[in-house]
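Chains, contacts and geometry: an overview
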Amino acid sequence: LLHEIELPFRTTSYPLGFRLNLATNSRHVIEAAAEAWDIYTPEFTHRPLDMRLIAQPEGELADGQPCFRGQGDLFSIVYDRHNFGVYHSDSMAGYCFVSEKTAADHMRLRTHFLEAMAYAILAQRLAVPMHAAAVLRGGYGFLLCGPSGAGKSTLAYASARAGWTF
């Protein structure tokens, strides 16, 4: 079951201002977390997210379409037997096993595992994700919501050119 794997590297990050405690056996994971979340500072005092990410020498790069599954408070992301993650939204904790090749590809590691799991937990418990653009005029803010390609960015840019704050 690999319960006894040493996780000597630890860091605390603040995705969207929420605390995340990360333990791993790979410096790549620590570097990828810093790339993803070093721009954020602590904003909220809610119970932290806990994530463990284990990199193993076996396996190829996580590629293709993942398989997402969920039951109750459990959610999984599976690429193959060497690249997968599971989290429990109620306890705000999860773990991933990835190949060293996936860990070394920081963007893929971030997109498919680190950020995917952290933001999914936050979206279920603490935050509301929105696909939007925002503009400000005369002290009033306007949130332009809609699906991709609806013209939110175009309208926000046109508003900015007309003197609104983007």
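Residues numbered from 1 in each chain as written. Predicted model: local features only at pLDDT ≥ 70, side-chain atom pairs only at ≥ 80, totals over all residues. Heavy atoms only, no water.

Okay, the pairing of strand 2 (residues 20–24) next. Of all the 5 residues making up strand 2, 5 are buried; the element is thus mostly covered by neighbouring parts of the structure. Across 5 bridges, strand 1 (residues 9–13) lies against strand 2 in antiparallel orientation. Note that in strand 2 the partner of T12 across the bridge is N21. One ladder, built from 5 bridges, connects strand 2 with strand 3 (residues 49–56); its direction is parallel. Counterpart to N21 in the pairing with strand 3 is D50. (Buried < 20%, exposed > 50% of the residue type's maximum accessible area, 1.4 Å probe, protein only. Helix = DSSP H or I, 4+ residues; strand = E, 2+ residues; numbered from the N terminus. Pairing = 2+ DSSP bridges.)

As a packed pair, helix 1 (residues 27–37) and helix 3 (residues 106–125) sit with axes 10 Å apart at the nearest point and diverge in direction by 70 degrees. With respect to helix 3, the axis of helix 1 lies roughly perpendicular. The handedness of the crossing between helix 1 and helix 3 comes out as right-handed. Counting all contacts with helix 1, which are made through H28, V29, E31, A32, A33, E35, A36 and W37, the residues of helix 3 involved are H106, L109, R110, L114, E115, A118 and Y119. (Axes fitted to C-alpha atoms, helices over the stretch in contact; angles between N-to-C directions. Parallel < 35°, antiparallel > 145°, perpendicular 65-115°, else oblique. Left-handed = near helix turned anticlockwise from the far one by under 90°. Contact = heavy atoms within 4.5 Å.)

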